[in-house]
Amino acid sequence: MLLAIDVGNTNIVFGAFKGRELIHDWRIASDQKKTSDEFGMLVTEMLNNVQLKPVDIEAVIMSSVVPNIMHTMQNMIVKYFHQYPMIVGAGVKTGINIRYDNPREVGADRIVNAIAAVERYGGPCIIIDLGTAITFCVVDDKKNYLGGLILPGISISADALVSRTSKLPKIEIIKPEKVIGKTTVSSMQNGLYYGFSSMIDGIVKHICDEIQMDPSDVHVIATGGFSNLLVSDSAYDIIIDRDLTMDGLRILYDMNN
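If you're wondering where the values come from, they're calculated on a predicted model, not measured in any experiment.

Can you break down the domain arrangement of the protein chain residue by residue, with the values?
Under the domain assignment used here, the protein chain contains domain 1 (2–87) and domain 2 (115–244). Taken over C-alpha atoms, the centre of domain 1 sits 28 Å from the centre of domain 2.

This is the structure we're talking about:
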């Protein structure tokens, strides 16, 4: 059994695989103040709730975009699982050619998503990760990772509206029924939803124009916490795959063993 861990800026996602099947997954807050023992108690309790024990876990693979938590999580895995995790980074075989000016700059989460997208859907593909930050990654039909875009996520933008203005309130991020808002709250909700959903479609079009591909010939895959919300009205046939990162970690582990 494989335990896959993705350490993000807002959440840490854990997935337990039996063979190729994701049988359980969990999500906890990415708290940089927690110790390895606190994480260890959380993880072992989550496993216990589904009748699993640390001894049942035969291997661990981990990706992270939060260096401080990465060190803590490594210590937790060694102490509670008595093994060293495979870390997504330099020296790990990926099966894709990273055409970045400096390949080491590409975030582990972006690499993992690209691996899963190519394996599950084939290229060319555009991978949109709608989390704390929004990332777009582009992979061609020869498994070349061409690069992409990084921009603030919708929750960051919502928080900025509140913190950088005097009168705008904190709001719930929802899908509105109409474009034109009749209150301050609805105007903010509409602005965020339609602004980001239109931005996604616009960037997909620009990418397809730049790589000289018709959008119908490109697999567009969305993942991350806001994927269901922000691509539901897209003009494109966007695949929503909430388990993309977890499966990418599983594929990467298999590839290197």
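Next comes the rest of the write-up.
Talk me through the sheet that holds strand β5 (residues 86–87); I want residue IDs and the actual numbers.
Read from one edge of the open sheet, five strands run β3-β2-β1-β4-β5, paired in mixed fashion. Only two strands of the sheet have a single partner each, and these edge strands are β3 (21–29) and β5. In this fold helix α7 (residues 244–255) packs onto β1 (2–7), β2 (11–18), β3, β4 (59–64) and β5, with an angle of close to 125° to the strand it touches most, β1.

Give a description of the layout of surface pockets that names residues and reports values.
In this approach the atoms are scanned with a rolling probe the size of a water molecule, which exposes any empty space left behind. If you add up the space inside the largest pocket, you get close to 720 Å³. Lining of the largest pocket is provided by 33 residues; of these, Asp 6, Gly 8, Asp 129, Gly 131 and Thr 132 occupy positions nearest its centre. Sorting the residues of the lining of the largest pocket by element identifies β1, β2, β3, α3 (108–121), β7 (125–130), β8 (133–139) and α7 as the ones contributing at least two each. No other element matches α3, which puts three residues into the lining of the largest pocket. Among the residues forming the lining of the largest pocket, the class breakdown is ten nonpolar, 14 polar and nine charged. Counting residues domain by domain, the lining of the largest pocket receives three or more from each of domain 1 (2–87) and domain 2 (115–244). Here the second largest pocket is characterised by a volume of approximately 280 Å³. Lining the second largest pocket are 13 residues, with Gly 89, Ala 90, Pro 103, Arg 104 and Ile 111 positioned closest to its centre. Partitioned by chemical class, the residues of the lining of the second largest pocket number eight nonpolar, four polar and one charged.

Explain the nonpolar core to me, and be specific about the residues and the numbers.
Grouped together as the largest cluster of nonpolar side chains are 31 residues, with contacts concentrated most on Ile 61 and Ile 127. Elements that contribute at least two residues to this core include exactly β1, β2, β4, α3, β7, β8 and α7. The leading source of residues in this core is α3, at eight residues. Domain assignment of the residues forming this core places at least three in each of domain 1 (2–87) and domain 2 (115–244).

Parameters at a glance
- Residues numbered from 1 in each chain as written.
- Predicted model: local features only at pLDDT ≥ 70, side-chain atom pairs only at ≥ 80, totals over all residues.
- Heavy atoms only, no water.
- Domains from an automatic or database assignment.
- Pairing = 2+ DSSP bridges.
- Helix = DSSP H or I, 4+ residues; strand = E, 2+ residues; numbered from the N terminus.
- Contact = heavy atoms within 4.5 Å.
- Axes fitted to C-alpha atoms, helices over the stretch in contact; angles between N-to-C directions.
- 1 Å grid on protein atoms, 1.4 Å probe; cavity = no way out; pocket = protein on both sides within 12 Å on 5 of 7 lines; lining within 4 Å.
- Points joined across faces, edges and corners; volume = space filled by probe spheres on them.
- Nonpolar A, V, L, I, M, F, W, Y, C, P; charged D, E, K, R; others polar.
- Core = buried A, V, L, I, M, F, W, Y, C linked by side-chain atoms within 4.5 Å.
- Buried < 20%, exposed > 50% of the residue type's maximum accessible area, 1.4 Å probe, protein only.

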